[in-house]
Structures are given as structure tokens and as C-alpha cells.
Amino acid sequence: MDALKKQPQAPRPIHPERRAAPRTWETPPAPVPSPHLDDYQSIVGAAVIEELRLLARELKGKTVKMVNSTAVGGGVAEMMNRLVPLLNELEVTTHWDVITGGNDFFEVTKAFHNALHGSPYELTRQAQEIFLTYSEQNRRRMQFNEDVVVIHDPQPAALVNTGQDRPGRWIWRCHIDLSNPHPQVWGFLRPFIERYDAAIFSSQSFARQLPIPQYLFYPCIDPLSEKNKDLDDTFVRKVCDEFGIDRSRPIVTQVSRFDRLKDPVGVVQAFKLARKYVDCQLVLAGGGASDDPEGAVVLQEVREAAGNDPDVIILDLPPWCALEINALQRASTVVVQKSLKEGFGLTVTEALWKGKPTIGGAVGGIPNQIIHKMTGMLVHSVEGCAYQIRYLLTHPDFAAQLGRNGREHVKENFLMTTNVRRWLLLLQILLRNGLKV
């Protein structure tokens, strides 16, 4: 029966005695050893692995430094945790450093982040001084002797060395949506970006008019990481039981930081609209990052929007709960990423890789992953999201086909091995004059 013609039905509440108290993770687990290149062969094939070794041969002995704003939380840190060991295994010596700063610095950089996504903002002299002061402190603390230095995102953008005789090549890797930046903030940052030798963006629409070469790099996921590896169903069930999630009923899930640009309040609103017609429960799972001071405020807004609804399960998880996030995504019937702005959205990639029918906001890098009605469903509003939740829950065959298509799309374009290949090719381009070819 068509979702639009279904008669509204009352939600079935989860009784309080069935809701298990969520376990708290007070300390992170022991680090998991990083996989080796050969471990990916069963997923991507032997030819892909051999190509990576061939590409790296001419870069042997070259050095790279990656710099970003946080070691835990967020997609950049997740990618660095896998990319850096793989480049080192290929004998491209790669270091990873993280900038430091006080609360005032990260409050300014978070405001810059929102403004670069188009939010209103008044750029004050004080904010500029805070940004430049901490940038100078980090520049003095760090060493930049590598052949290539890669600076990730706006927070450390001012680290770029101004000297004409600086060693190495400098790349600015931008992971955020710059399609409509705040003019003042972009005007403040742009002179720093123009000092780089190249810039990398996650979508064609983010490119800016710059006097330096620009490249398109899709972010990626690691299929062997704790967040994406295959899981036994008994573990998935155990996690659901701990959080009081009823696997006998449809589960709609959004995994993301509690950030207004991820629109978790809009997801709650869409869920409540959809549930008037289809039985389901909502899981909002996320946490914060050390460079994001707004998370606690947004989390409270989400809790207020949910009210006392027993079918809305809000999970504030620490960043080391990758296995639990993996289990929640695998337990889901439908995965949502209703972002208002999005650099790329690796949670979309994760859901597609797990073969889940996925609904995403038609913004930023999400349309590179979700081809509407082919690999997922794109939406522009709360009402549109509610409709697609209803549609997918009432058309399971179509939803299953979306999931299969989405997984193949990720395999071809968004896995870590493809990302390593892109880096090796770019390093060859930038260092061509110094390579023995």
C-alpha cells in the first residue's frame, strides 16, 4: 500500500521496564592495530594493492606532514588514523601533528566554521587577534621540514610559511562546504590560502577563485576499521539491548556530532511526522569533538525537541565507541543524514557501505554519494525527509535495492585504498621536479 494512503496509527511505546540503562564507557579500549595493505586485498583485489606499491616506489624516502585540529572526533581524525599508517607502510614517511589552543581559540574557529558554511557572523578585531596569536604559537612549536606539508581545514590555515625559500610544498586540504562562505571570514582567510602551492576540496561546487591549482579529493572510509568491519549479529543485538532499542520494529538512525548543521532537531521533527503513518523508532547517536564547543548546547536542544517520547533514543557517545556505532548502523532499517550544510558526510558513506537505504540532505558533498533514487534519497526539508522515511519503510524491496547500489558506489569511489591512490598521485605531481623518473 502506498505510504501516502496508509491510515495514521498511534505509535507503540516502549515500556519503561523494557528500556535498559545504557552502559557508560568511562575509558577508551586498547588501540586496535592498524590493518596492513594486504588485508584489503579480499575487498578491492590484488591488482589495486599492487598498483599502490608501484605508485609509491618513486616516492620512497619522501616525507609528508599532516596537520589538523583534533586527534579524536570527526571524519578528518578518523581518516588520519588510517591514512598515515598506510603511507608509512608504503615507505612514504608521514607524520601527523595536531594544533593546540584555548577555549577562546576553538570558539573562534567554530564560529569561522559556521560562517564559512554561510551563517551570519560579525568578524571582530578580537577574533582575528585570537586566531592569529594561537596560529603563531603553533607555528613556533612545530617543525615543518617535510617535503610536503598538508594543512587540514580552516583552524590551522594560518600556519603556512610566508618565506619564499620555505622548504617543501604546502597543500590546504579543505573538508568543509565553501560554496557560499561568509564574505568577511573568507576575505580574512583567503590571503593565507593563496600562499599554498595547491588546495584540495571534497566537491566541485566548493572550489573558489584562487591563483593556485585546485584538486578534487573525495573523503573515504576504512572498510576494516572498527566502525565499518563486519560484525556478528549477536554483538549487534547486544548493543541494541543495552540501549533499549527494539529490533522487532523499524529503526531510523542518524549518526553525527550534535551540531546544528547536522539538523538533529529537524530529524526529530521528521520522525514524528513519519510515525503518524508508520511504526518506527528513532536513534540519534553522536558525541562531540575537542574543537567543537557547541555540542552540549545542541544536545540539550535535541533533548527538548524529543521531550519524553519513549521512541526517541538519544545517545551521547564518546569517540571511541566505533564498534557500537557500527552495530547501530547495521541494526537500522533506514539511515538518515539530514544535514543543512555538509563538507562530505562520512556517516553517509558508512551507511551506504553497510547496504542501508539512506536519506541525505541535498547539500555539500552528499549528492556525490547519494544519486537520487539510485544509491539513496535526497531531501530538502523536514517534510521531505518524513515522506522518504515513510516511503522506504513501506517499500522494502526498493529500499533493499538502494542499499545494494549504495554499497557498490562506495566500493568504487570512497574506500581508503582509493584515497591512498589519490594522495600518491598528487604527491608525484607536486614533487615531480625532485623525483628520479
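The rules behind each value
- Residues numbered from 1 in each chain as written.
- Predicted model: local features only at pLDDT ≥ 70, side-chain atom pairs only at ≥ 80, totals over all residues.
- Heavy atoms only, no water.
- Pairing = 2+ DSSP bridges.
- Helix = DSSP H or I, 4+ residues; strand = E, 2+ residues; numbered from the N terminus.
- Axes fitted to C-alpha atoms, helices over the stretch in contact; angles between N-to-C directions.
- Polar contact = N/O pair within 3.5 Å; in protein donor to acceptor, adjacent residues only side chain to side chain.
- Buried < 20%, exposed > 50% of the residue type's maximum accessible area, 1.4 Å probe, protein only.
- Right-handed = clockwise from strand over helix to strand, strands pointing away.
- Core = buried A, V, L, I, M, F, W, Y, C linked by side-chain atoms within 4.5 Å.
- Contact = heavy atoms within 4.5 Å.
- Disulfide = S-S within 2.5 Å.
- Phe/Tyr/Trp six-rings, centres within 6.5 Å; stacked < 30°, edge-to-face > 60°.

## Re the sheet that holds strand E10 (residues 334–337)
Then, number 1: Spatial strand order, E9-E8-E7-E10-E11-E12: six strands in an open sheet with parallel pairing. For this open sheet the edge positions go to strand E9 (312–316) and strand E12 (377–379), each flanked by a neighbour on one side alone. Direction aside, the axes of adjacent strands within the sheet are offset by 20° on average.
Then, number 2: As paired elements, strand E7 (residues 251–255) and E10 share two bridges and run parallel to each other. Counterpart to Val252 in the pairing with E10 is Val334.

## Some thoughts on the side chain of Ser256
Then, number 1: Take Ser256: it is sitting in the loop between E7 and helix H8 (264–274).
Then, number 2: Within the structure, Ser256 has its side chain in polar contact with the side chain of Gln254 (distance 3.4 Å).

## A short note on the pairing of E10
Two faces make up the sheet, and in a regular strand the side chains alternate between them.
Then, number 1: Residues of E10 alternate between two faces, with Val334 and Val336 on one and Val335 and Gln337 on the opposite face, all of them buried.
Then, number 2: Sheet topology places E10 next to strand E11 (residues 358–361); three bridges connect them, and they run parallel. Within E11, the residue paired with Val335 across the bridge is Thr358.
Then, number 3: For the crossover from E10 across helix H11 (residues 346–353) to E11, the handedness is right-handed.

## Looking at the nonpolar core
Then, number 1: Core analysis: the largest hydrophobic core is formed by 48 residues, its most contacted members being Met66, Leu83, Ile171, Val420, Trp423 and Leu424.
Then, number 2: Elements that contribute at least two residues to this core include exactly helix H2 (46–57), strand E1 (63–68), helix H3 (75–89), strand E3 (148–152), strand E5 (198–201), H11 and helix H15 (416–430).
Then, number 3: Once you skip the residues sitting within four places of it in the chain, Leu424 turns out to touch Leu52, Leu55, Ala56, Leu59, Leu87, Leu90 and Val92.
Then, number 4: In terms of nonpolar packing, the next biggest core, distinct from the first, is built from 38 residues, Val67, Ile130, Ile176 and Ala199 among them.

## Re the state of the cysteines
Then, number 1: Across all of its chains, the model carries zero disulfides by this definition.
Then, number 2: Here Cys220 stays free of any disulfide, with the sulfur of Cys174 as its closest cysteine sulfur at 16 Å.
Then, number 3: Here Cys280 stays free of any disulfide, with the sulfur of Cys385 as its closest cysteine sulfur at 11 Å.

## As for the environment of Ser205
Then, number 1: Counting through the fold element by element, Ser205 comes out in the loop between E5 and strand E6 (214–216).
Then, number 2: The exposure class assigned to Ser205 is partly exposed, which follows from its relative accessible area of 43%.
Then, number 3: Sequence separation between Ser205 and Leu178 is 27 residues, and the spatial gap between their C-alpha atoms is 7.9 Å.

## A closer look at helix H10 (residues 322–331)
Then, number 1: Where burial is concerned, most of H10 is hidden: nine out of the 10 residues are buried.
Then, number 2: Taken together, the buried positions of H10 are Ala322, Glu324, Ile325, Asn326, Ala327, Leu328, Gln329, Arg330 and Ala331.
Then, number 3: Next to the buried residues of H10 lie helix H7 (233–242), E7, strand E8 (281–286), E9, E10 and H11.

## Notes on the packing of aromatic side chains
Then, number 1: One pass over the full model with this rule turns up 18 aromatic pairs.
Then, number 2: Measuring from centroid to centroid gives 6.3 Å for Trp170 and Tyr196, while their planes differ by 65°, and the two rings are edge-to-face. With a gap of 26 residues between them, Trp170 in strand E4 (residues 169–173) and Tyr196 in the loop between helix H6 (183–193) and E5 connect regions that are remote in the sequence. You'll find Trp170 and Tyr196 in the same group, each marked buried.
Then, number 3: Three or more aromatic residues joined by ring pairs make a cluster, and in this case those are Phe105, Phe106, Phe112, Tyr121, Phe131, Tyr134, Phe188 and Phe192.

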